[in-house]
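Working through the structure, step by step
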Amino acid sequence: MAVDYTTRDGVAVITLNNPPVNGLGHSTRAGIVDGLARAASDAAVTAIVITGGGKAFSGGADITEFNTPKATQEPTLHTVIKEVEKSAKPVVAAIHSVAMGGGLELALGAHYRIAAPGAQIALPEVKLGILPGAGGTQRLPRAIGLEAALNMIVTGVPVLSEKLANSGLFDAMAQGDLLEEAIAFARKAADKPGPYPLVRNRKIEHPNAEGFLQFSRNTVAAMSKHYPAPVKCVDAVAAGVQQGFDKGLAYERECFLELVQTPESHALRHAFFGERAASKIPDVPSSTPTRDIQKVAVIGAGTMGGGITMNFLNAGLPVTLLETKPEALDRGLATIRKNYEAQVKKGKLSAEKLEARMALIRPTLTYDDLKEADLIIEAVFEELGVKEQVFKRLDEVAKPGAILASNTSTLDVDKIAAFTKRPQDVVGLHFFSPANVMKLLEVVRGKETGKDVLATVMQVAKKIRKTAVVSGVCDGFIGNRMVEQYIRQALNMLEEGALPAQVDRAIEKFGFAMGPFRMSDLAGNDIGWAIRKRRYQEQPDMKYSKVADRLCETGRFGQKTGAGWYDYKAGERSALPSKLVDEMIVAYSKEAGVERRKIGDEEIVERLVFALVNEGAKILEEGIASKASDVDMVYLTGYGFPLWRGGPMLYADTVGLYNVERAIRRYTQQPNGDAWEIAPSIVELAAKGGTFN
Ligand code: 3HC
Ligand code: NAI
């Protein structure tokens, strides 16, 4: 049963019972209507309380039902809310923990609302590319005022119930036991004769509603270029203000049905479920025991070690930070402090919190201080020899059961694990730079990594608010292995006729935060050079355009040397097309015997994105990633892939794998066609009309 029905002191209590978040799926909706009918026909019942069991009042409509017949099957949420409003006996919503989306809309239909403190109140539909579709755009402005409501609706950000205590949303705040107080409130309400108050009958008061709405529409439109939902939110609220509740409600419904079909909404929902799916590892059940992580140690206080440390400090966990030399330790600590000070300056952190976080660091130069750590993360130089020294030492000092993690970005985690006598405790934790900011964490599963170790680090990742995606061991793991093919195509296109600014412009127009050449200038062109040099040794047959090597031979390593694919003015970050580099590229084509041609933006985008898709497909075939949405999450959270396109694999599904295959085959015929080797799964899926997701 998705709903429980009981009576207490003449009050019917309808408790949503659809774990984990009391989503308002069909059976829950039907259960509420049944409960209302039972209460109506029971003469001993004078009032009704609706509440949620478990950890939520309600997380809203059941998103998994969207675009399925169940979503529109009666009773719809509209019908449920109508039944609540129609009830001759007063209905009280008893809100705790979470009242979001349809959950809040249901509560807004009740005659009265009582809330426990600490509940997250939100209309987060916009984050899923839709708008509140069960009256939220109409009732919330009537409950808390136009400006406050519009702000909640277009941002989707939760507000704590106590902050809304005097907003007009709640009739009472619970002081103790929510349910007891709700029942008492309901009994008292029933003492008075109906009809009972309805939010829909309230007026929206605003001195200049028209002006405010116009201003909001312009601001929202400018801030949400790629997303249709936010402007529709404003339009729906405006419809209610201008034409009244019923017409507003009808318009809201129309917008909802339109938005739920958009590719943007599809992509955002994919990302919502993809994030949650990433934390589930097929052969590591949720019942897997985890290890207790209270004390963390980080080795190396450089770029990555410092950022990694901050994640744990932010989560309140103490960190022992080890370096080889006092200067390096001081430098690392100073950088962490500077980063926090920048947050204090922006008003994002208080000075006290800064000190409290710094106080959680225990700086050290000796391994003996790592004895108590439950999790040790190594972030020293990227050389196998240095990693060997560190892991052998860790094997000597770390307590039994401590998790030993490496932040290596290119080295073999199995080799690192083999430096210890406890490979089951070793795992890769590949953070992205800047590690205190970037959401992505690739969890690299070695062939002997223990399941409990994996389960534990996934839990830790959640605690430090990272999106963790599991990757098997391979060169580059998921993200960098794919990006290598993307960069290869970018370089080949320079050789064939494009210039850096054109490539960057095309892919940035597609939606990437930064094109490959601007990104490379930012990260340092020498990094890719070092990888290519290694490749030339390891895989002499793999053809690479040498155009980037030419650039590096001139010392143009990017922003840090003041020149890369672009020119940079001292102290500025704007990338200025470089005549010198462009001439060098043209000369290189000639030398390579390639006749330059005009390459269109469409080809640029296809070659770059399909290179990601093709490698992503191989990564799935090899089991390096366990599901396509994991690959998408890596690209959405670590590589600036446009969120509204849902990641490379979903994008490929959207374009159609038949079309992807045809395009790749076409590019295979071109002069640099040997860079492509189509993934068998693309061919197979295309043949049967399948998709990755
Ligand atoms: N529908 C279906 N499943 C949902 C859901 C929903 N509305 N909300 C959460 N879930 C599922 C998650 O997918 C996850 O499933 P899993 O265990 O199988 O992975 C499970 O519930 C737990 O979710 P979280 O891991 O996110 O749990 P938290 O405790 O961290 O967070 C939450 C709970 C704050 C409710 C968070 O899940 C959330 O933000 N959910 C989305 C809320 C939302 O967007 N609601 C609006 C829905 S659209 C709507 O209501 C339309 C209406 O206007 C008509
Ligand atoms: P870095 O050079 O900024 O920092 C390395 C730090 O380790 C230095 O402070 C050095 O003094 C210290 N160190 C060296 N040997 C040590 C030892 N034996 N014991 C203790 N400390 C030692 O390097 P960075 O960029 O922080 O990289 C560290 C690791 O993170 C590397 O494995 C790298 O591949 C990986 N990584 C780097 C990313 C980046 O963007 N910089 C991204 C993801 C991973």
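All of these numbers come straight from a predicted model, not from anything done at the bench.

Considerations on the packing of aromatic side chains
Summed over the entire model, instances satisfying the criterion amount to 14 aromatic pairs. Taking the centre distance of 4.8 Å and the plane angle of 65° together, the rings of Phe517 and Trp565 count as edge-to-face. In this pair, Phe517 sits in helix H20 (residues 516–523) while Trp565 sits in the loop between helix H22 (547–553) and strand E18 (566–567), placing the two residues 48 residues apart along the sequence. What makes Phe517 buried here is its relative accessible area of 2%. The class of Trp565 is buried, set by a relative accessible area of 2%. Feature note: the residues Tyr486, Phe510, Phe512, Phe641 and Tyr651 constitute an aromatic cluster, connected by ring pairs. In this structure, Lys546 packs its charged tip against the face of Tyr536, placed 4.8 Å from the ring centre.

Here we look at the environment of Thr262
Relative to the assigned elements, Thr262 resides in the loop between helix H10 (245–259) and helix H11 (263–278). Taking the C-alpha atoms as reference, Thr262 lies 8.8 Å from Ile130; in sequence the two are 132 residues apart. When neighbours within four sequence positions are excluded, Thr262 is seen to be in contact with Gly129 and Pro228.

Description of the sheet that holds strand E4 (residues 91–95)
What the 6 strands build is an open sheet, ordered E1-E2-E3-E4-E6-E9; its pairing is mixed. Among the strands making up the open sheet, the edge pair consists of strand E1 (3–8) and strand E9 (172–173). Relative to strand E3 (residues 47–52), strand E2 (residues 11–16) runs parallel, the two sharing 6 bridges. Across the sheet, residue Thr15 finds its bridge partner in E3, namely Thr51.

Things to note about the side chain of His26
The topology assignment puts His26 in helix H1 (residues 26–41). For His26, a relative accessible area of 16% translates into the label buried. Residue contacts for His26: discarding those within four places in its chain leaves Glu65, Lys70, Gln73, Glu74 and Pro75.

So, the sheet that holds strand E14 (residues 403–406)
In spatial order, the strands read E12-E11-E10-E13-E14-E15-E16-E17; together these 8 strands make up an open sheet with mixed pairing. In this open sheet, the two strands that pair with only one neighbour each are strand E12 (361–364) and strand E17 (467–472). Here the average twist between neighbouring strands, direction ignored, is 25°. Pairing between strand E10 (residues 296–299) and strand E11 (residues 319–322): 4 bridges, direction parallel. Residue pairing for E11: Val298 is matched across the bridge by Leu321.

Some points on the domain arrangement of the chain
For the chain, the assigned domains read domain 1 (3–203), domain 2 (296–471) and domain 3 (482–687). A C-alpha centroid distance of 31 Å is found between domain 2 and domain 3. Of the roughly 770 Å² buried where domain 2 meets domain 3, counting both sides, 65% is carbon and sulfur surface. When residues of domain 2 are sorted by the area they lose upon contact with domain 3, Thr410, Leu440 and Val469 head the list and together hold 44% of the total. Scanning the region where domain 2 abuts domain 3 turns up 0 salt bridges. For the pair domain 2 and domain 3, the number of links is 0 residue pairs in polar contact (both at pLDDT 80 or more). Elements with a contribution of two residues or more to the side of domain 2 that touches domain 3: strand E16 (440–445) and E17. Looking at the side of domain 2 that touches domain 3, the element that brings in the most residues is E17, giving 4 residues. Each residue belonging to the side of domain 2 that touches domain 3 can be placed in one class, and the counts come to 5 nonpolar, 3 polar and 2 charged.

With respect to the pairing of E17
In terms of burial, E17 is largely enclosed, as 6 of its 6 residues are buried. Of the two faces of E17, the one carrying Thr467, Val469 and Ser471 and the one carrying Ala468, Val470 and Gly472 are both buried. Here E16 runs beside E17; their pairing, made up of 6 bridges, is parallel. Note on E17: the bridge partner recorded for Arg445 is Gly472. In this view, the connection linking E16 to its parallel neighbour E17 by way of helix H17 (residues 451–463) has right-handed handedness.

Considering the site of ligand 2
Residues in contact with ligand 2 amount to 23 residues; listed here are only the nearest, Met304, Glu323, Glu382, Lys387 and Asn407. Isolated, ligand 2 exposes 820 Å² of accessible area, and the fraction of that covered by the protein chains is 78%. Those elements that provide at least two residues to the shell around ligand 2 are helix H12 (303–314), helix H15 (384–397) and strand E15 (426–431). With 3 residues, the top contributor of residues to the shell around ligand 2 is H15.

Section: the site of ligand 1
The immediate surroundings of ligand 1 are formed by 23 residues, with Gly102, Glu105, Glu125, Arg276 and Lys280 found nearest. In this structure, a nitrogen atom belonging to ligand 1 sits 2.9 Å away from a main-chain N or O atom of Ile63. Between ligand 1 and Glu105 there is a distance of 2.7 Å, counted from an oxygen atom to a side-chain nitrogen or oxygen. Computed on the free molecule, ligand 1 has an accessible area of 980 Å², of which 77% lies beneath the protein chains in the complex. Contributions of two or more residues to the shell around ligand 1 are made by strand E5 (98–100), helix H4 (102–109) and H11. When residues of the shell around ligand 1 are assigned to their parent elements, the largest contribution, 3 residues, is made by H11. Its residues placed into classes, the shell around ligand 1 shows 12 nonpolar, 5 polar and 6 charged.

Scoring rules and cut-offs
Per-chain numbering applies: the sequence of each chain, read as written, is numbered from 1 onward. Starting at A for chains and at 1 for ligands, labels are handed out in the order in which the entities are written. Given that this is a predicted model, residues contribute local features only at a pLDDT of at least 70 and side-chain atom pairs are listed and counted only at 80 or more, while totals for whole chains, interfaces and linings are drawn from all residues. Side-chain calculation: all heavy atoms of the structure are included, whereas hydrogens and water are not. Working definition: rings of Phe, Tyr and Trp (its six-membered ring) pair if their centres are within 6.5 Å, and the pair is stacked with planes under 30 degrees apart, edge-to-face with planes over 60 apart, and tilted otherwise. The helix count covers DSSP runs of H or I at least four residues long, the strand count covers runs of E at least two residues long, and both are numbered beginning at the N terminus. The buried label applies to any residue whose accessible area, calculated with a 1.4 Å probe on protein chains only, is under 20% of its type's maximum; exposed applies above 50%, and partly exposed to all values in between. In our convention, an over-ring charge means Lys NZ or Arg CZ found within 6 Å of a ring centre and within 35 degrees of that ring's normal. Contact between two residues is taken to exist if any of their heavy atoms lie within 4.5 Å; hydrogens are not considered. Any two strands between which DSSP finds at least two bridges are classified as paired. The angle between two axes is taken between their N-to-C directions and runs from 0 to 180 degrees, where each axis is a line fitted to C-alpha atoms and a helix contributes only its stretch in contact. Residue ranges assigned to the domains are those given by an automatic or database domain assignment. By convention, the term buried area covers the 1.4 Å-probe accessible surface removed from two parts as they join, with the contributions of both added. In what follows, salt bridge is the name for a side-chain nitrogen of Lys or Arg lying within 4 Å of a carboxyl oxygen of Asp or Glu. What qualifies as a polar contact is a pair of N or O atoms within 3.5 Å, subject to a donor-acceptor requirement within protein and to the restriction that residues adjacent in sequence count only when both atoms come from side chains. In this classification, the charged set is Asp, Glu, Lys and Arg, the nonpolar set is Ala, Val, Leu, Ile, Met, Phe, Trp, Tyr, Cys and Pro, and all remaining amino acids, among them Gly, are polar. Handedness rule for crossovers: strands pointing away from the viewer, path from the first strand over the helix to the second running clockwise, crossover right-handed. One heavy atom within 4 Å of a molecule or strand makes the whole residue count as near it. Throughout, the Shrake-Rupley method with a 1.4 Å probe supplies accessible areas, and for residues the shown protein chains are the sole cover considered.

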